[in-house]
Amino acid sequence: MPKDIKVLVCGAAGKMGQSVVRAVDAEAGFKLIGAVDRSGNPNIGKDIGIICGINEIGVKLTSDLKEALSKLQPDVMVDFTMPEIVIVNAQMALKAGVRAVIGTTGMTKDDISELSKISKQNATGTIVAPNFAIGAVLMMKFAKEASKYFAHGEIIEFHHDKKLDAPSGTSIKSAELMAEARKVFGRDSVKGKETIKGARGAAGDGNIHIHSVRLPGLLAHQEIILAALGQTLTIRHDSYDRTSFMPGVLMAIKKVMELDHLVYGLENII
Ligand code: NAP
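No experiment lies behind these values; they were computed from the predicted model shown. (Residues numbered from 1 in each chain as written. Predicted model: local features only at pLDDT ≥ 70, side-chain atom pairs only at ≥ 80, totals over all residues. Heavy atoms only, no water.)

Caption draft 1: Main features of the site of the ligand. Around the ligand, 22 residues are found, and the nearest of them are Met16, Asp37, Arg38, Thr105 and Phe132. Take Asp37: an N or O atom from its side chain is 2.8 Å from an oxygen atom of the ligand. In the model, an oxygen atom of the ligand is placed 2.6 Å from a nitrogen or oxygen of the Thr105 side chain. Across the complex, the protein chains shield 81% of the 920 Å² of accessible surface that the ligand would expose by itself. (Near = heavy atom within 4 Å. Polar contact = N/O pair within 3.5 Å; in protein donor to acceptor, adjacent residues only side chain to side chain. Areas by Shrake-Rupley, 256 points an atom, 1.4 Å probe, with all protein chains shown as cover.)

This is the structure:
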């Protein structure tokens, strides 16, 4: 019988981290062996199962990632933390020979290249995915295909008001994929000045303008609007619940076991 994949979750007490703990705990073939969060978190020392509202699972929340990696020797570290910290965590894991599945957004292209280098040097697999929801991955794929036929496009992304980075990793990745199909969108077609700075959003890859909405009540949503003479095509995806990301996270944990390099984007492993 194949051995269970030993998983450590970093950011385990956070919103996504807790969902990952519940998903890993519930799925055959996976074993949660470590849970790490920021020192100062009031739940440090408590059982992560209790923190996540499931049964006691015998794994305590700790705050020293380096120690947890060397002591517990997980097969995979899953990171859902914060933009400023994820790169340090991922470097630590890869240098310890632990594969990384990274959902934290807000990393720069340079950060991803740096991780790609370390991943290759250590022959330790890494998956970085700005969105683990299958519907969001398909939205990006369909938008790339449609970009061959539409010369104009903009992205509106909507997230909860606690999100730390803007624009979202999904919108950045969407623009990157669309720009692979068409180098520049809507160049010079929009004249006029911004009366209020930022009104036209931020220009992503391919000069695709990205608009970020942050409101309580939302989770993660995005519309890609493509336009041609007299018509628009809108491709929209909505994540209403964090469970929408979990099948993708579990798939990435399995897949990363076979990798010796970094893969950026879930579309490359499905
Ligand atoms: P969150 O609830 O704020 O969770 C982040 C957790 O990381 C918190 O518990 C935080 O602790 C902890 N943390 C902070 N610094 C840390 C450190 N040095 N070491 C270990 N843990 C640390 O945020 P979230 O909503 O779960 O989102 C987390 C990330 O996932 C964000 O970047 C978000 O954009 C991304 N995300 C990705 C996907 C995807 O499909 N890829 C989907 C949804 C969200 P404190 O609260 O004590 O600071």
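Caption draft 2: Up close: the sheet that holds strand E10 (residues 220-228). Overall, mixed pairing links the five strands, which are arranged E8-E9-E7-E10-E11 in an open sheet. Each edge of the open sheet is held by one strand with a lone partner, namely strand E8 (202-203) and strand E11 (231-239). By the bridge criterion, eight bridges tie strand E7 (residues 152-159) to E10 in an arrangement that is antiparallel. Pairing of Glu154 across the sheet is with Ile225, part of E10. Helix-sheet contacts for helix H6 (residues 134-146) involve E10 and E11, and the interaxial angle to E11 is about 165°. Strands E7, strand E9 (209-214) and E10 of the sheet are contacted by helix H7 (residues 169-181), whose axis makes an angle of about 30° with E10. (Pairing = 2+ DSSP bridges. Helix = DSSP H or I, 4+ residues; strand = E, 2+ residues; numbered from the N terminus. Contact = heavy atoms within 4.5 Å. Axes fitted to C-alpha atoms, helices over the stretch in contact; angles between N-to-C directions.)

Caption draft 3: View of the pairing of strand E5 (residues 99-102). Two strands pair when backbone bridges link them, and strand E4 (residues 76-79) and E5 are joined in this way by four bridges, in the parallel orientation. Directly across from Met77, in E5, lies its bridge partner Ala100. Taken together, E4, helix H4 (residues 83-95) and E5 form a β-α-β motif whose crossover is right-handed. Strand direction decides the pairing type here: E5 and strand E6 (residues 126-128), joined by three bridges, are parallel. Within E6, the residue paired with Ile102 across the bridge is Val128. (Right-handed = clockwise from strand over helix to strand, strands pointing away.)

Caption draft 4: Geometry of the packing of H4 against helix H5 (residues 109-121). Remark: H4 packs on H5, axes separated minimally by 10 Å, with the N-to-C direction vectors making an angle of 10°. By the angle between their axes, H4 is roughly parallel relative to H5. On H5, the residues that touch Ile87, Ala90, Gln91, Leu94 and Lys95 of H4 are Asp111, Glu114, Leu115, Ile118 and Ser119. (Parallel < 35°, antiparallel > 145°, perpendicular 65-115°, else oblique.)

Caption draft 5: Molecular detail of the nonpolar core. Ranked by internal contacts, the top residues of the largest apolar core, which has 54 residues, are Ile48, Val78, Phe132 and Ile253. Residue contributions to this core peak at six residues, all from helix H8 (residues 246-256). When residues are assigned to domains, this core turns out to be shared by domain 1 (5-128 + 243-268) and domain 2 (134-239), each giving three or more. What Phe132 contacts, discounting residues up to four positions off in sequence, is Phe80, Val101, Ile102, Gly103, Ser244, Phe245, Gly248, Val249, Ala252 and Leu266. (Core = buried A, V, L, I, M, F, W, Y, C linked by side-chain atoms within 4.5 Å. Buried < 20%, exposed > 50% of the residue type's maximum accessible area, 1.4 Å probe, protein only. Domains from an automatic or database assignment.)

Caption draft 6: Examining the packing of aromatic side chains more closely. Inspection of the entire model under this criterion finds one aromatic pair. The aromatic ring of Tyr264 is capped on one face by Lys173, whose charged end is 3.8 Å from the ring centroid. When the ring centre of Phe158 is taken as reference, the NZ or CZ atom of Arg236 above it lies at 5.2 Å. (Phe/Tyr/Trp six-rings, centres within 6.5 Å; stacked < 30°, edge-to-face > 60°. Lys NZ or Arg CZ within 6 Å of the ring centre and 35° of its normal.)

Caption draft 7: The arrangement of the domain arrangement of the protein chain in detail. By the assigned domains, the protein chain splits into domain 1 (5-128 + 243-268) and domain 2 (134-239). With twelve residues of domain 1 in contact, the opposing surface of domain 2 contributes 13 residues. For the pairing of domain 1 and domain 2, the buried interface totals around 1000 Å² over both sides, and the portion due to carbon and sulfur atoms is 60%. For Asp205, the salt bridge is made with Lys109, and the minimal N-O distance between the two is 3.2 Å. At the boundary of domain 1 with domain 2, the tally comes to seven residue pairs in polar contact (both at pLDDT 80 or more). (Buried area = accessible area lost by both parts, 1.4 Å probe. Salt bridge = Lys/Arg side-chain N within 4 Å of Asp/Glu carboxyl O.)

Caption draft 8: Geometry of the environment of Leu218. Relative to the assigned elements, Leu218 resides in the loop between E9 and E10. Note on Leu218: relative accessible area 25%, which makes it partly exposed. Between the C-alpha atoms of Leu218 and Ile235, which are 17 residues apart in sequence, the distance is 18 Å. Leu218 has contacts with Phe158, His159, His160 and Val213, leaving out every residue within four places of it along the chain.

Caption draft 9: Fine view of the pattern of salt bridges. Under the criterion given, the structure shown has twelve salt bridges. In this structure, the salt-bridge partner of Asp161 is Lys162, at a minimum N-O distance of 3.6 Å. Judged by relative accessible area, which is 57%, Lys162 ranks as exposed. For the salt bridge of Lys163 with Asp165, the shortest nitrogen-to-oxygen distance reads 3.0 Å. Asp165 matches Lys163 in its accessibility class, with the two residues each being buried.

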